Amino acid sequence: MERPIQRIIFITLAVLLIMPICAGNVHEATICYLEGSVETGDTFNLEQGYRLTIDDIRKNDAAISIFNGSEEIRNTSISGDYTFYKEIGGIDYDIINISMNLSGGDPAQMVLEQYRDPDKPFGYPLIGAVSMNIKKGEREPLKAGYELEATSIIDNNAVLTLYKDDKIVKQEKLSGNGERFVYTAKIDGQRRTILIAKLDRISGNDSVYVSGLSQYKEPESADESDGDGDGDGSKWNTQLVESTIFQYLLSIFVFACVFVLILGIARRMRR
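A short tour of the structure in this document, coming up.

**Some thoughts on unusual backbone geometry**
Then, in step 1: With an omega of 5°, the peptide bond between D106 and P107 qualifies as cis.
Then, in step 2: Despite not being glycine, A144 has its phi angle at roughly 55°, a positive value.
Then, in step 3: A relative accessible area of 53% means that A144 is categorised as exposed.
Then, in step 4: Phi angles above zero are rare outside glycine, and D165 is one such case at about 50°.
Then, in step 5: Within the secondary structure layout, D165 lies in the loop between β12 (157-164) and β13 (167-175).
Then, in step 6: Judged by relative accessible area, D165 falls into the exposed class, the value being 55%.

**Some thoughts on the layout of surface pockets**
Then, in step 1: By volume, the second largest pocket amounts to about 400 Å³.
Then, in step 2: Around the second largest pocket, the lining comprises 19 residues; the ones closest to its centre are Y33, L34, E35, G36 and R191.
Then, in step 3: Of all the secondary structure elements, the ones that give two or more residues to the lining of the second largest pocket are β1 (30-38), β2 (43-45), β13, β14 (179-187) and β15 (190-203).
Then, in step 4: Of all the elements, β1 adds the most residues to the lining of the second largest pocket, at six residues.
Then, in step 5: In terms of residue class, the lining of the second largest pocket is made up of six nonpolar, seven polar and six charged.

**What about the sheet that holds strand β8 (residues 108-115)?**
Then, in step 1: The four strands are arranged β1-β8-β7-β6 in an open sheet whose pairing can be described as antiparallel. Each end of this open sheet is capped by a strand with a single partner; those strands are β1 and β6 (81-88). Averaged over neighbouring strand pairs, the angle between their axes works out to 15° when direction is ignored.
Then, in step 2: Sheet topology places β6 next to strand β7 (residues 91-101); eight bridges connect them, and they run antiparallel. Opposite Y85, over in β7, you have D94 as the bridge partner.

**Brief notes about the pairing of strand β5 (residues 71-78)**
Then, in step 1: Of the pairings in the sheet, the one linking strand β4 (residues 62-68) to β5 comprises seven bridges and is antiparallel in character. The residue of β5 that forms the bridge with I64 is T76.
Then, in step 2: With antiparallel pairing between neighbouring strands as the criterion, β4 and β5 make up a hairpin whose turn holds two residues, including G69 at a positive phi of roughly 70°.

**Concerning the pairing of β7**
Then, in step 1: Two successive antiparallel strands, β6 and β7, enclose a turn made up of two residues, where G89 displays a positive phi of approximately 60°.
Then, in step 2: In this sheet, β8 lies alongside β7 in antiparallel orientation, the contact comprising six bridges. Its bridge partner being in β8, M100 is matched across the sheet by M110.

Basis of the calculations
Residues numbered from 1 in each chain as written. Predicted model: local features only at pLDDT ≥ 70, side-chain atom pairs only at ≥ 80, totals over all residues. Heavy atoms only, no water. Buried < 20%, exposed > 50% of the residue type's maximum accessible area, 1.4 Å probe, protein only. Helix = DSSP H or I, 4+ residues; strand = E, 2+ residues; numbered from the N terminus. 1 Å grid on protein atoms, 1.4 Å probe; cavity = no way out; pocket = protein on both sides within 12 Å on 5 of 7 lines; lining within 4 Å. Points joined across faces, edges and corners; volume = space filled by probe spheres on them. Nonpolar A, V, L, I, M, F, W, Y, C, P; charged D, E, K, R; others polar. Pairing = 2+ DSSP bridges. Axes fitted to C-alpha atoms, helices over the stretch in contact; angles between N-to-C directions.

Below you can see the structure in the form of structure tokens.
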């Protein structure tokens, strides 16, 4: 009976020890999504002070530079997919993912997805990465006067319509294979992501299911107070729950409880 107990204890401790390692190569919520044609000389101001410049588009690769504020932190050539990541607390976090189609030369087609850098401050979203089922013809209320509707569903394609204050701001036809619905607004010369969602599936002709829906406050209203006395407390609670340290401590607590439970069972079996 001794050996099974020792194995249980060893496996439990091993899981606790390697847990931070297994948590590597992760990314936080998407905070910026850009898709379209780019050419040599283009500059993109991203979130959290990051900036991307397209230095040169050649036949087989493209030279890019990534800045953190005024500091250049990466200068490299890419020939397809590229991910910029940073190490925080021994964990590699993906920050910017770029996919560039160079087959047509200059200009080229680029898809950029930026994830929240947990090491830098960021105004938390109005809605953070939620999933929802939207019935055809019914508007799903969001925040700040926005509503999302599945206007029509035909032949496994859905038309999503985004409203603000009862006016259409974007309408797009998507298929249910993980395509993104993204609404951006150009503010002070900078393209900012306001809403992003992924269309996961279409249920017949009745509804659609979207996931990862996040809505962000428009910059011009960032300094406005919502008048709620507990606003700062709610934000602090959100930051605590989403912090990496809190998640690790919670995971360690759960594994420790499991370990104590297994140890107790093992002792009863010995009796």
